[in-house]
Each structure stands twice: as structure tokens, then as C-alpha cells.
Amino acid sequence: MRVLLVGAGGVGTAITRIAARRSFFEAMVVADRDLARAEAAVAAVDDGSGRFSAAPVDASDEAAVTALLTERRCDVLLNATDPRFVMPLFGAALAAGADYLDMAMSLSRPHPERPYEECGVKLGDAQFERAAEWEKAGRLALVGMGVEPGLSDVFARYAADELFDTIEEIGVRDGANLTVDGYDFAPSFSIWTTIEECLNPPVVYETGRGWFTTEPFSEPEVFDFPEGIGPVGCVNVEHEEVLLMPRWVDAGRVTFKYGLGEEFIGTLRTLHQLGLDRTGPVTVQSDRGPVRVSPRDVVAACLPDPATLGERMHGKTCAGTWVKGTKGGRAREVYLYHVVDNQWSMREYGSQAVVWQTAVNPVVALELMAAGTWAGSGVLGPEALAPRPFLDLLTSYGSPWGVRES
């Protein structure tokens, strides 16, 4: 397998560090608009084998990415960029006859008149609209294959296959007790993506009603997370799992709730009130005259790069899927989860916990694809593929998962 990894930020760099310990691929080309960043990621894992190389590429330039895939003879594109670049990379892989894998899907667009009641353009709609093209080409686009979405979806498939006869509700629940020394506000993941998913109308799925939206931060609850994290306040957030799971898993209701905390929610509300969550450019006066900048890009530039926070971070992060239903005629409720301790991920890989937890799952998926264990054509979510091989391989990477029965 020859892999083109686009994006050498925190998650992309963590991918190289995890993949460097595995032998399933022949080559991995690390590409980024900032060539120096790609070269730094490669240099950190260079063992003299020549498996890793760096290349410059603009992820928004579909033709350039297609050419790079062809030039380097890559048969799969792994997208480690933010969601703005999903569609050009998705299109480039198809044009080059390569498989494709991402960790976040094409962007949504709220309903123009009833944003907090009805869906407009849903996450992933633009990708699923092209599913027939992928099927005709005989290529696989595995979408939403990070940790959330990704591992959470694998958990849902596993629960449906092995733990339940009927499922009343699936609720992805994400929480952490991470702290960052020296910062009053320092998100552990991309603030651009965090703003996108937290301020857009959350989507909920219910049998008979289908997909619908609610107000941001709706349906607050306190969820007790395992392994010492404890109770965390969680709220509805827009996320891909709600759009993916109902396509392959029969469940009465599907939600995604994120443990944000009141301070984080207050900050996001303030950014929205000030218009600083907007992605469209505004004109700003500078010493070189008027310049056009995106307010959200300015916010991101003012905050520390999450990939650099590992040495200052303490605590654990938990991703998991809560499932309620029946088995053998009896009510059952379980939480399938994956916890990463920041001190462990920093010591073992030099990557902070949140980006490492995101990065390990696409590498596991690539290894299953290389072995032919995971195969198919079209646009598929993780739920469409066998969960047990994935969970077994994830454990063999030294990162076990758990199940808590209620």
C-alpha cells in the first residue's frame, strides 16, 4: 500500500508516528501546503528505510492533489486536514483512481428558514451524493474514520452485532478531565472545527421522524465517564455519527453529546455574538492597507496550536458510545469506550492525547484495508464494515477499549 497523507498538523504528525511502527504499507507521502511542516513530520520518523517522504501541496487544489497521487503512485489518500478541504481531496482521490479515507465529512449548511427544527444540507451529503461514482469506479471512500466519528461508529456496529437484539437509543458521549498549564483558554483540538460543530444546529435522529435539528447546546445532561474522569456536563453538538449510524444500524434514536463545560460554552457563545465564528472574509485595516481575513481564522491564529500543548496537558480523554436496548428479552445498557492518558501518549509517541486518539484509528483502518479485511466500494461509514477485526487490531496497537455495563 502506498499512502498520500494530506495534512501535517497535529493529527497528521501523530499518524506518521503511529504508522512508523507498522509494516503494512510500502510508502507514505506526507503532503502539506507548508513543506517545512511536512518535512519535520518525516524527519521525526525517518529510520533510513525511505518509506516516508514529504511533498508540498495545496489541499484546496483538486488538480494538484490528483497529480501528486498519480506522480507518487499512491493508491489511497488519507485526509488529515480540516473539513473545508474534504471535497477537493475526495474528488482528487476519485479522479486518480485511489481509495480515500477521512476523519471528518463534508460541511453542513443550516436550513435557511428553520435552522433549529429542520436540516438543511447535512454533514456528508455532498459525499454521499457521489456514492454511485465511487461504486462504478470500484473504489472505496471510507468516511468519518477518526475517533468521533470513527471508533464511536465501530462501537455502534459491534453493539448491534454482538450485544443487543434491539436498540432503543445510541448516544455518543465524549468527555475529558484535561487541563493545560499556563492558559486560561486552550482547546485541545482544532478551534476551527470545534466552532463549526458546536455552533451549528445539532442534529438528532429518531425513527419515524428522521433527522431533525435543535438549538445549540440543547438537552444538557451529566454523564459519568470511566477511569477516573468522572461526571461531566454534556450537550448536543452537530456530529457525523448521527448522520452515519442510522444508515447501517437500526436504532430508535441517535444523538451526539460533547462534554464542554459552562466556561467553554460561554466562550463559544461570545465568539458567536461578536461574529468571530464567521468564515467569510472581512476587511481589516493594516499597516499595509486593507486586507481580507476570516474572523474564525484570526481566532485560531490567536490561540496556541493544540499539537504543541502536550507537555502542558494533564489528564485523560474519553470517547465512547452509550447504547440502550434489549438482549434476550431483558433491558440492557452499556457504554463502550476508549480512554487515552496524556502522559502515556506523550511518553510513548510525543503526541498529546486528543490528537493521538484521533490519529490511531485511521491507521488501524488502513492496515485492515491493506490486508483486505476491510474492503468494499462506494461511500461507506465505519458501521458498514466488520467491527471485531478493528477492535482486536486497535488493542494490539497497545490501546485497549472497554465496556461498562449499567
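Residues numbered from 1 in each chain as written. Predicted model: local features only at pLDDT ≥ 70, side-chain atom pairs only at ≥ 80, totals over all residues. Heavy atoms only, no water.

Q: Would you mind going over the packing of aromatic side chains with me for this structure?
A: The relative placement of two aromatic rings is captured by the distance of their centres and the angle of their planes. The tally for this structure, following the rule as stated, stands at 18 aromatic pairs. Where Phe-90 meets Tyr-100, the ring centres are 5.4 Å apart and the plane angle is 85°; that geometry is what we call edge-to-face. Of this pair, Phe-90 sits in helix H4 (residues 86-96) while Tyr-100 sits in strand E5 (residues 99-102), placing them 10 residues apart in sequence. The exposure classification of Phe-90 matches that of Tyr-100, with both residues buried. Among the aromatic residues, those joined into a cluster by ring pairs are Phe-223, Phe-225, Tyr-335 and Tyr-337. (Phe/Tyr/Trp six-rings, centres within 6.5 Å; stacked < 30°, edge-to-face > 60°. Helix = DSSP H or I, 4+ residues; strand = E, 2+ residues; numbered from the N terminus. Buried < 20%, exposed > 50% of the residue type's maximum accessible area, 1.4 Å probe, protein only.)

Q: Any chance you could explain the packing of helix H8 (residues 191-199) against helix H11 (residues 295-302) here in plain terms?
A: To describe two helices that pack against each other, one gives the angle between their axes and the distance between the axes. Viewed as axis vectors pointing N to C, H8 and H11 meet at an angle of 130°, and their least axial separation amounts to 9 Å. Put simply, H8 runs oblique to H11. Taking contact as the criterion, the partners of Ile-191, Trp-192, Ile-195 and Glu-196 in H8 are, on H11, Arg-296, Asp-297, Val-299 and Ala-300. Here the residues of the contact of H8 with H11 sort into 5 nonpolar, no polar and 3 charged. (Axes fitted to C-alpha atoms, helices over the stretch in contact; angles between N-to-C directions. Parallel < 35°, antiparallel > 145°, perpendicular 65-115°, else oblique. Contact = heavy atoms within 4.5 Å. Nonpolar A, V, L, I, M, F, W, Y, C, P; charged D, E, K, R; others polar.)

Q: What is the right way to look at helix H12 (residues 342-349) in this model?
A: It helps to recall that an α-helix has 3.6 residues per turn; residues three or four apart then point in one direction. For H12, the complete set of buried residues consists of Asn-342, Ser-345, Met-346 and Tyr-349. Buried positions in H12, seen along its axis, are confined to an arc of 105° and lie on one side of it. Capping the start of H12 is the job of one residue whose side-chain oxygen sits 2.8 Å from the backbone nitrogen of Gln-343: Asp-341. (Arc of directions from axis to C-beta. Polar contact = N/O pair within 3.5 Å; in protein donor to acceptor, adjacent residues only side chain to side chain.)

Q: Help me understand the pattern of salt bridges, please; the structure alone is not making it clear to me.
A: Overall, the coordinates contain 25 salt bridges when judged by the stated rule. Here Asp-99 and Arg-139 are joined by a salt bridge, their closest N and O atoms 3.1 Å apart. With Asp-99 in strand E5 and Arg-139 in the loop between helix H6 (131-137) and strand E6 (140-142), this pair connects stretches of sequence that are 40 residues apart. By relative accessible area, Asp-99 is classed as buried at 16%. With a closest N to O distance of 3.3 Å, Arg-388 and Asp-392 form a salt bridge. Taken together, the residues Arg-388 and Asp-392, both in helix H14 (residues 387-396) and 4 residues apart, mark about one turn of the helix. Exposure remark for Arg-388: the relative accessible area of 31% places this residue in the partly exposed category. (Salt bridge = Lys/Arg side-chain N within 4 Å of Asp/Glu carboxyl O.)

Q: Sorry if this is basic, but what is going on with unusual backbone geometry here?
A: Among all residues except glycine, the phi angle is most often negative; among peptide bonds, the trans geometry is most common. The peptide bond linking Glu-148 to Pro-149 adopts the cis configuration, its omega dihedral lying at 0°. Its place among the elements puts Pro-149 in the loop between E6 and helix H7 (151-163). For Phe-217, which is not a glycine, the phi torsion comes out positive at approximately 65°. Tracing the chain through its elements places Phe-217 in the loop between strand E10 (210-213) and strand E11 (221-225). Phi angles above zero are rare outside glycine, and Glu-227 is one such case at about 55°.

Q: What exactly am I supposed to notice about the packing of H8 against helix H10 (residues 262-273) here?
A: Two elements in contact, H8 and H10, have axes separated by 11 Å at closest approach and are oriented at 90°. By the angle between their axes, H8 is roughly perpendicular relative to H10. Here Thr-194, Ile-195, Cys-198 and Leu-199 of H8 lie close against H10, whose contacting residues are Phe-264, Leu-268, Leu-271 and His-272. Broken down by class, the residue content of the contact of H8 with H10 amounts to 6 nonpolar, 2 polar and no charged.

Q: So what exactly am I meant to see when it comes to the nonpolar core here?
A: As a rule of thumb, nonpolar side chains are buried together in soluble globular proteins. If you look at the biggest cluster of nonpolar residues, it comprises 89 residues, and the most contacted ones within it are Ile-15, Trp-374 and Phe-390. Here the element with the most residues in this core is helix H13 (residues 353-371); it accounts for 11 residues. Each residue touching Phe-390, except ones within four places of it in the same chain, is listed here: Met-145, Leu-151, Val-154, Asn-361, Val-364, Ala-365, Leu-368 and Trp-374. With 28 residues, the next largest nonpolar core counts Leu-77, Ala-92, Leu-94 and Leu-244 among its residues. (Core = buried A, V, L, I, M, F, W, Y, C linked by side-chain atoms within 4.5 Å.)

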